[in-house]
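Architecture at a glance
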Amino acid sequence: MVAILRFNVPISESALGRALQSHAGTSVELESLVPSGTASVPFFWVYARDPDAVADSLREVSSIRAASVVETVGDATLLALEWDVDGDRLFRAITDCDGSILRAVCQDDRWEITIRFPEHEQLSAFKRSCEDAGLSPVVDQIYHHTDHAADPRFGLTDHQRAALTLAVERGYYDIPRRCTTADLAEELGISAQAVTERLRRAIANITEHTLLSSRSSVKL
């Protein structure tokens, strides 16, 4: 049965995280992780005063072959990294155990990560790999697709949850609408385009963690 693990770990236990430690007030959200030959290409949304400085720090990590700015939306900058995951013991442990990252947020000196494993055995193997690598993850919750509704996050980041909650409360999805993206943007202190992007990603995450996860747990 598919198992999902939500945990947090100090960012110092990840080469990628250590590159972010020197940038106070910066938070990073994983958008997607795309395999590319022997490397992986993660797309990260970076919330920082100086995203170019963050990109420069990441380029200094030996396992990162390239870091480029894809686009900037409001206060968020999308970075694409060409990354050899074998150079990062935390993320290597995830991939070695066939884990799929559903959520990864780096903020306040910790990674908050949610991983999906095909079977519970891979989750157990991941725990052993962390012990062997000297990692110290703190487990927040373990659950399965059959009880996915027990997870109050549904894969949402704090920014996505705030935007979606405000949109519902203000009547953004009512017919007719009782507010605009500009209204939401003013309350959240970001651009209207950033609001639209956060709502899009929030709805995609909720769909994956409810409708799609329920479908994938059905045995044929």
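Attention in this report is confined to the structure presented alongside it. What you see is a predicted model, and the numbers here were worked out from it, not measured in a lab. (Residues numbered from 1 in each chain as written. Predicted model: local features only at pLDDT ≥ 70, side-chain atom pairs only at ≥ 80, totals over all residues. Heavy atoms only, no water.)

**Overview of a nonpolar patch on the surface**
Among the surface-exposed residues, Val168, Tyr173 and Ile203 lie close enough to one another that they form a single nonpolar patch of about 270 Å² accessible area. Following the sequence through the fold, Ile203 ends up in helix 7 (residues 192-216). Owing to a relative accessible area of 40%, Ile203 belongs among the partly exposed residues under this scheme. (Patch = residues over 30% accessible without salt bridge, like charges linked within 9 Å, V, L, I, M, F, W, Y side chains within 5 Å. Areas by Shrake-Rupley, 256 points an atom, 1.4 Å probe, with all protein chains shown as cover. Salt bridge = Lys/Arg side-chain N within 4 Å of Asp/Glu carboxyl O. Helix = DSSP H or I, 4+ residues; strand = E, 2+ residues; numbered from the N terminus. Buried < 20%, exposed > 50% of the residue type's maximum accessible area, 1.4 Å probe, protein only.)

**What about the side chain of Glu13?**
Within the secondary structure, Glu13 is located in the loop between strand 1 (3-10) and helix 1 (15-18). For the buried Glu13, no salt bridge exists, and the shortest N-O distance to an oppositely charged side chain is 5.3 Å, to Arg89. Reaching out from Glu13, the side chain makes a polar contact with the side chain of Ser136 at a distance of 2.5 Å. Aside from chain neighbours lying at most four places away, what touches Glu13 is Arg18, Arg89, Leu90, Gly134, Leu135 and Ser136. (Lys, Arg positive; Asp, Glu negative; His and termini not counted. Polar contact = N/O pair within 3.5 Å; in protein donor to acceptor, adjacent residues only side chain to side chain. Contact = heavy atoms within 4.5 Å.)

**Things to note about helix 5 (residues 158-169)**
Here helix 5 is 12 residues long and its end C-alpha atoms lie 16 Å apart, about the 16 Å a rise of 1.5 Å per residue gives. Within helix 5, burial applies to Gln160, Ala163, Leu164, Leu166 and Ala167. The arc enclosing the buried residues of helix 5, seen along the axis, measures out at 165°, which places them on a common side. Two residues or fewer past helix 5, Gly171 is found with a positive phi of approximately 85°. (Expected span 1.5 Å × (residues − 1). Arc of directions from axis to C-beta.)

Note that every value here comes from positions in space, so none of it alone points to a role or purpose.
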